[in-house]
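Survey of secondary and tertiary structure
This is what each chain is made of:
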Amino acid sequence: MSDNPLDPQADPFKPPEIPIEVHCLHCDQEYDSYLIEWRECISADGTPQGFWCCPTPGCDGIGFGFDILPTDPNYQDEHGGWVSFDDEEDGEPWEQPDEEPWDEKDEFEE
Ligand SMILES: [Zn+2]
């Protein structure tokens, strides 16, 4: 299980594996996503926590997809799973890009 708050790879706001151009909402800068920095700090309750942070000095923007967004509004990550922020309901229903590897029918035949 990777519940470790200090595991950069397990963080939901991890930048994409393939660098893209991103824009920070806090400092209004554009840069490549590989520049987003992993930083660790101690939170108010004494537990260590890590965050993907904006690399701009003095900026407190954190999290790819949170404060730091792709400049391309049609961006999808390498899994096709980028969740856009539009909440209109006339879109297609969310679909998994890949089918589950197992076949439920076989389980029932037994
Ligand atoms: Zn910033």
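The rules behind each value
Residues numbered from 1 in each chain as written. Predicted model: local features only at pLDDT ≥ 70, side-chain atom pairs only at ≥ 80, totals over all residues. Helix = DSSP H or I, 4+ residues; strand = E, 2+ residues; numbered from the N terminus. Buried ≥ 20, exposed ≤ 12 C-beta atoms within 10 Å, placed from the backbone. Contact = placed C-beta atoms within 7 Å. Pairing = 2+ DSSP bridges. Axes fitted to C-alpha atoms, helices over the stretch in contact; angles between N-to-C directions.

**Details of the overall build of the protein chain**
- Broken down by element type, the protein chain carries 1 helix and 5 strands.
- When the helices and strands of the protein chain are listed from N to C terminus, the series reads β-β-β-β-β-α.
- Burial analysis of the protein chain (110 residues in total) assigns 12% to the buried set.
- Contacts spanning at least 24 positions in sequence make up 53% of the contacts within the protein chain whose residues lie at least 6 apart.

**A few points about the sheet that holds strand S1 (residues 21–24)**
- Within the open sheet, the 3 strands sit side by side as S2-S1-S5. Their pairing is antiparallel. Either end of the sheet is taken by a strand with one partner, and the two such strands are strand S2 (30–32) and strand S5 (68–70). The average angle at which neighbouring strand axes cross in this sheet is 40°, direction not considered.
- Pairing of S1 with S5, which is carried by 3 bridges, proceeds in the antiparallel orientation. For His23, the partnering residue across the bridge sits in S5 and is Leu69.

Any link to function would need more than the numbers given here.
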